[in-house]
Amino acid sequence: MKRTTIVQDIMVNSGLSRYNSYICTTFAKQIRAWIVNLDLLSTGVYFEQLIKVTYMMKSPADTPIYNLKAVVQETGLKPDTLRAWERRYGLPAPQRTDSGHRLYSQNDIELLKWLMARQEEGLNISRAVELWRQLEHDQESSLQTTMLVPPPAHSPAPARVGGRSIGEGNLGERNLGSVQSGEALNTLERLRNEWITSCLNFDEQHAEQSIAQAFALFPAENVCLDILQKGLATIGRGWYENNITVQQEHFASALALRRLEALLAATPSPTRAGRILIGCPPEEVHTFVPLMLTLLLRRRSWDVLFLGANVPVQDFIVTTQKAKPQLVVLTAQLLYTAMGLRELGESLYEARIPMGYGGLVFTQIPAVQQSITGHYLGDHLEEAIHVIEELMLKPRLAMPADMPSRQATETLDYFRLHQAEIESEVWRKFGNGHLSHSLLRKANINFSRDIIAALALGDIHYLGIDLPWVKGLLKNHYQLPESVIHEYLQAYLTAAENVLNDKGVLLISWLKQILQKDVVTSSL
């Protein structure tokens, strides 16, 4: 068996580009060694692994279809410049037609744009080419280390729980885009820290350079999850602790969202059947996670429409009628936006459209999941990919959610009727307290809408989840003691008792319980 024949066959049948030929070469060497040692079981396992790899790497972007004129129009480079770069540096390396004309692939065009971007950052072309070669070498080394190491010949089958495999390494599981080697993890951490530092310094150029380098070294999934998402989480904690300004946080968020949008625009056309609609329920403004979910699904060839933030219920229903999705995915991060998600879930159920959902509030308060008519997508983005693909392959409606109790519904209706009276009472009793008028107004708005959400979702006790966070916020940002929360809740309790009487027993009882806990805690 000749190694060159194996390489040629694999490249022709898999569509691998010349840049990935080293995978085939390494595989051929390994297969030859295994056959000599008669280790046919390992060969079969490894061959299956390689087929999966080559399938993932096969892309229309490798196909040479653009002539020189098209590349000039796309990049703005002069033909002489293109020929000079090809002659001096071997980049790009277009294929030739039978008549000798150059043909470029989409990857060649992206390479040229990458080189031009490095020039705009101040590198000369020879240094840019040198950097490209280094990045290409690092990526090849990483792939050879992480993907071309054969598994043990007799590795045990993964355990299964409830029909789901544990430890299979499926991209739909927890290890989507995972990086195993210590060196790679250190590189990701370094690039993440560089990106965070650049964002905090409002240094857009260096922030973009860090991300560009990350995308050159790692798959997009790694960059999105390990740099952008974790980086924003670190910056968010810094804002909460009052070590980072809101302007710094907004700057970083804007850069991350812009990068995701650019990646989304560059994804190829979908090839898998069925359409997915992704968006946020009314008043939900946090779009990073659903946008990242959209990108990851698009990269897996799904047809995904992203509707953005704060989509009114009626507008969403009209959109589903026009777009005809096979699945709708919604994310809510806060209690009061989960209420809007619940309403959308009921409307979609009536329209016989399956819905998947997720978000921070459902991990903080798992019981809220019982109030949503839809399929919970899990606590992690990687999990969500797996569940969504299952629902696309086997569509099904979720069971209708539990309805709120009659007492909760009656309390909600009565509270809505008398909300303004309660807040007016709070102003009279607490208006001259520690809180400024601006903070007191925000407190009334936020607390009232969370009361409405908790009652609509069926359990007034959901209200307590944010109290520790609010106490920390007041302490970190306004240097106010935790006792301010106690004083505010006491004023609200008095107002609720005066206005609601026995019709507000659910809310009044909860307020008394919380205030009693505060008294016990402060006395310890």
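Anything mentioned here points back to the structure above.
Since this is a predicted model, take the numbers as computed values, not measurements.

Quick notes on the rules
- Residues numbered from 1 in each chain as written.
- Predicted model: local features only at pLDDT ≥ 70, side-chain atom pairs only at ≥ 80, totals over all residues.
- Heavy atoms only, no water.
- Helix = DSSP H or I, 4+ residues; strand = E, 2+ residues; numbered from the N terminus.
- Buried < 20%, exposed > 50% of the residue type's maximum accessible area, 1.4 Å probe, protein only.
- Contact = heavy atoms within 4.5 Å.
- Areas by Shrake-Rupley, 256 points an atom, 1.4 Å probe, with all protein chains shown as cover.
- Expected span 1.5 Å × (residues − 1).
- Pairing = 2+ DSSP bridges.
- Right-handed = clockwise from strand over helix to strand, strands pointing away.
- Axes fitted to C-alpha atoms, helices over the stretch in contact; angles between N-to-C directions.
- Polar contact = N/O pair within 3.5 Å; in protein donor to acceptor, adjacent residues only side chain to side chain.
- Parallel < 35°, antiparallel > 145°, perpendicular 65-115°, else oblique.
- Nonpolar A, V, L, I, M, F, W, Y, C, P; charged D, E, K, R; others polar.
- Core = buried A, V, L, I, M, F, W, Y, C linked by side-chain atoms within 4.5 Å.

(A) Quick peek at the overall build of the chain. Of regular secondary structure, the chain possesses 21 helices and 9 strands. Out of the 524 residues in the chain, the part that is buried amounts to 44%. Taking all contacts inside the chain whose residues are at least 6 apart in sequence as the whole, residues at least 24 apart take part in 72%. Carbon and sulfur atoms make up 53% of the accessible area of the chain, which totals about 27,100 Å².

(B) Structural view of helix 20 (residues 483–500). The end-to-end C-alpha separation of helix 20 is 25 Å, in line with the 26 Å expected for 18 residues at 1.5 Å each. For helix 20, the complete set of buried residues consists of Val484, Ile485, Tyr488, Leu489, Ala491, Tyr492, Leu493, Ala495, Ala496, Val499 and Leu500. Remark: Asn501 follows helix 20 within two positions and exhibits a positive phi of approximately 55 degrees.

(C) Examining the pairing of strand 8 (residues 355–358) more closely. Along strand 8, one buried face is formed by Met355 and Tyr357 and the opposite face, lined by Gly356 and Gly358, is buried too. Relative to strand 8, strand 7 (residues 327–331) runs parallel, the two being bridged by 4 bridges. Bridging from a neighbouring strand, Val328 pairs with Met355 of strand 8. Tracing the backbone out of strand 7, into helix 14 (residues 335–350) and back to the parallel element strand 8 gives a crossover that is right-handed. Strand direction decides the pairing type here: strand 8 and strand 9 (residues 375–376), joined by 2 bridges, are parallel. Residue pairing for strand 9: Gly356 is matched across the bridge by His375.

(D) Seen up close, the sheet that holds strand 5 (residues 275–279). Pairing is parallel across the open sheet formed by 5 strands, whose spatial order is 6-5-7-8-9. Both outer strands of the open sheet, strand 6 (303–306) and strand 9, are each paired with one neighbouring strand and no more. Strands strand 5, strand 6 and strand 7 of the sheet are contacted by helix 12 (residues 288–298), whose axis makes an angle of about 160 degrees with strand 6. Together, strand 7 and strand 8 form the strand contacts of helix 14, whose direction differs from that of strand 8 by roughly 165 degrees.

(E) Representation of the pairing of strand 5 within the structure. For strand 5, the buried fraction is high: 4 of the 5 residues fall into the buried class. Here strand 5 pairs with strand 6 via 4 bridges, running parallel. In the strand pairing of strand 6, Ile278 is matched with Phe306. Crossover handedness for the path strand 5 to helix 12 to strand 6: right-handed. The sheet contact formed by strand 5 and strand 7 spans 4 bridges and is parallel. What sits directly across from Ile278, in strand 7, is Val329.

(F) Inspection of the side chain of Asp108 at higher detail. Here Asp108 shows up in helix 6 (residues 106–120). For Asp108, a relative accessible area of 2% puts it in the buried group. A polar contact is formed between the side chain of Asp108 and the backbone nitrogen of Ser105, at a distance of 3.0 Å.

(G) Spotlight on unusual backbone geometry. Geometrically, the link from Leu91 to Pro92 is a cis peptide bond, its omega value of -15 degrees lying close to zero. Here Pro92 lies in the loop between helix 5 (79–89) and strand 1 (95–96). Positive phi values are uncommon outside glycine, yet Lys324 reaches one of about 50 degrees. Along the polypeptide, Lys324 turns up in the loop between helix 13 (313–323) and strand 7.

(H) Looking closely at the packing of helix 10 (residues 220–240) against helix 12. Axis separation between helix 10 and helix 12 bottoms out at 11 Å; the angle between their running directions is 175 degrees. With respect to helix 12, the element helix 10 is oriented roughly antiparallel. Between helix 10 and helix 12, the residues in contact are Glu221, Cys224, Leu225, Leu228, Gln229 and Leu232 and Phe288, Val289, Met292, Leu295 and Leu296, respectively. Taken together, the residues of the contact of helix 10 with helix 12 break down into 9 nonpolar, 1 polar and 1 charged.

(I) Quick look at the nonpolar core. Residues Trp195, Ile276, Leu293, Leu297 and Ile388 are the most contacted members of the largest nonpolar core, which totals 68 residues. Once residues lying within four places of it in the same chain are set aside, the contact partners of Ile388 are Ile276, Leu293, Leu297, Leu327, Val329 and Leu377. Counting residues in hydrophobic clusters, the runner-up holds 62 residues, among them Leu440, Phe447, Leu511 and Ile514.

Keep in mind these numbers describe shape, not what the thing actually does.
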